Amino acid sequence: MPSGSGSDPLLARADGLAEGPVDHRGRPADRATTGGWDSALFIIAVEIGERFAFYGVSSNLISYLTGPLGEGNAAAAAAINAWSGAASLLPLLGSALADKWLGRYRTIALASLLYILGLGMLAFSTMLSSGSHQQCNKAMAGGKSCQPSTLQLAFFYVSLYLVAVAQGGHKPCVQAFGADQFDQNDPKESVARSSFFNWWYFGLCAGTAVTYLLLSYVQDNIGWGLGFGIPCAVMACALAVFLLGTRTYRYYVSSGKRSLFARAGEAFTAWRSRRAADRAADSTEFSTRVDEEEQVVVSKSGGVAEANAVLRLFPIWATCLIYAVAFAQSSTFFTKQAATLDRRVGQQLKVPPAALQSIISIAIVAFIPIYDRVIVPLARRYSGKPSGITMLQRIGIGMTLSLVSMVTTALVEIKRLRVARDAGLVDQPKVPLPMSLWWMVPQYVLFGAADVFTMVGLQEFFYDQVPDKLRSLGLALYLSIFGVGSLISSALVSGIDRVTAARGQSWFSNNLNHGHLDYFYWLIAALSAVELLAYVFFSLTYKDKGAVNNSSIVG
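Residues numbered from 1 in each chain as written. Predicted model: local features only at pLDDT ≥ 70, side-chain atom pairs only at ≥ 80, totals over all residues. Heavy atoms only, no water.

J.: What is the right way to read the pattern of salt bridges from this model?
T.: Oppositely charged side chains can form a pair if their charged atoms are brought close together. What the rule picks out here adds up to 7 salt bridges. Across the salt bridge formed by Glu47 and Arg51, the nearest N and O atoms sit 3.9 Å from each other. In this pair, Glu47 and Arg51 both sit in helix H1 (residues 36-58), 4 residues apart, roughly one turn of the helix. Each member of the pair, Glu47 as well as Arg51, carries the same accessibility label: buried. Across the pair Arg373 and Asp372 runs a salt bridge whose closest N-O atoms are separated by 3.6 Å. According to the relative accessible area criterion, Arg373 is exposed, its value standing at 56%. Given the relative accessible area of 11%, Asp372 is considered buried. (Salt bridge = Lys/Arg side-chain N within 4 Å of Asp/Glu carboxyl O. Helix = DSSP H or I, 4+ residues; strand = E, 2+ residues; numbered from the N terminus. Buried < 20%, exposed > 50% of the residue type's maximum accessible area, 1.4 Å probe, protein only.)

Structure (structure tokens):
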């Protein structure tokens, strides 16, 4: 694309220099005609489409795995968590590609094309043959489902992980690109940028709620081919909308000659040498707080300072992992629980189990305006901070709500098991229990309230606290919390399943009336309590990026 500066603004720079915003031709961006909410709305629209597509696959995936693909509860939950983990870790690679070579705009466009390909293949996989007719007839005669062929399974998982790779490029860049449309050095646009993260999540969750309600019904009652095909069509429309805004966007072109990972290695070596020197000088003094000298010691090493700025976020990152483990249960075991309940609303409507996840999104959509228009102004009046409360305080409140949600979930599961025993339905897993789906609503609402605080807080924290040139990476680090959390959940489910099954009865029995999901939820609640204590400790000792930069200047 032509550029007035002789470089392509849609690509990353090779010299590592970060310039001011430019337009699509590489000229200095005109604030009146580029950026701001007009541009951000295009980007919010593409994110709504992408989330519709992603959750259109993931939200009801456990029903597809335990239904047409014939997998057990534990195996299906572990497979979904492993896939979710990969999908949330791949943005680390996608952000590196965007920051160093492709630029955010082109990474989003290419990832969208890959999304469309993966979703189309996923829809096609549902039409592949499920083994020979003779094998299917024997299975159906014995009251079992027809097992899928090896080709169908292979094609399905290749398609599924292609979607994960597409998210790896799309997810870290879209939100950073949206926030780039607001100038942090302009007082009005800086306030708008903080609000952008709230309304970004509002739009995302509004679209997600529609996904849960619409696609779960289509997948359960019409067919999985159409259920996976609709997200493909929506993603194609989302890409078209994104391209329409090309001339209105502000572009920041920046990168480094070396990868962040190489600079991170140098930062770690410098930090370790500093610690060794400190121990030699005074072996009796110990402090868990990273002192000012440690935070700026590598500033003289150029790019190493960037890696050091990222490494100091690790304690906050690590103490949010169990929150991600709890988050992973909403799309797996929550759905399987809901499938055992009386899901009738009135005489005709029967709610699909996965549709209950829409309650999380509806709670978020309802609560974000209250937070942005009521809670923040009230908190601002007492704290004097433009955001009302700090990002770390916001994250901590959400983690507390998540802990309460897991306790509530465990209590509801105890109630569900008692109803199954009292009704004599323990050995009849396909018969709905005389217990209304409304019993599960509180845990979903609490999850939604927790997300308003923790999810949005983490997004803003990891965008704001990394160096300006590495903001795609910052949002990838936020996503990696849920990637690692999903992998931890997968390992927990697999390990507990093996141990408890060997002792006679798995906690995750295919007949949940024989299982003990309540024990699993209590375990997550206990881990969440320990995590919250650790988080409070590290958040109190954490130094904001602005304070660190000021210390560096003074030093």
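After that view, the rundown keeps rolling.
J.: Please clarify how the packing of helix H7 (residues 150-179) against helix H8 (residues 187-221) should be interpreted in this entry.
T.: A pair of packed helices can be characterised by two numbers: the angle between their axes and the separation between those axes. Relative to each other, H7 and H8 sit at 135°, their axes nearing to 10 Å. Between H7 and H8, the interaxial angle falls into the category oblique. For H7 against H8, the interelement crossing comes out right-handed. Between H7, through Lys171, Val174, Gln175, Gly178 and Ala179, and H8, the contact on the second element is made entirely by Arg193, Phe196, Phe197, Trp200 and Leu204. Its residues placed into classes, the contact of H7 with H8 shows 6 nonpolar, 2 polar and 2 charged. (Axes fitted to C-alpha atoms, helices over the stretch in contact; angles between N-to-C directions. Parallel < 35°, antiparallel > 145°, perpendicular 65-115°, else oblique. Left-handed = near helix turned anticlockwise from the far one by under 90°. Contact = heavy atoms within 4.5 Å. Nonpolar A, V, L, I, M, F, W, Y, C, P; charged D, E, K, R; others polar.)

J.: Just to check I follow, could you spell out the packing of aromatic side chains for this structure?
T.: For any two aromatic rings, the description comes down to two numbers: the centre-to-centre distance and the angle of the planes. All chains considered together, the criterion is met by 39 aromatic pairs. Pairing Phe333 with Phe520 gives two aromatic rings, centres 6.0 Å apart and planes at 80°, and the pair type is edge-to-face. A residue pair is termed long-range when its members are at least 10 positions apart, and Phe333 in helix H15 (residues 333-339) and Phe520 in helix H20 (residues 517-541) qualify at 187 residues. An identical accessibility class is assigned to Phe333 and Phe520; each is buried. With a centroid separation of 5.5 Å and 75° between ring planes, the pair formed by Trp507 and Tyr519 is classed as edge-to-face. Highlighted residues: Trp507 in the loop between helix H19 (471-502) and H20 and Tyr519 in helix H20, separated in sequence by 12 residues. Given the relative accessible area of 39%, Tyr519 is considered partly exposed. Three or more aromatic residues joined by ring pairs form one cluster here, namely Phe333, Phe334, Tyr444, Phe447, Phe508, Phe520 and Tyr521. (Phe/Tyr/Trp six-rings, centres within 6.5 Å; stacked < 30°, edge-to-face > 60°.)

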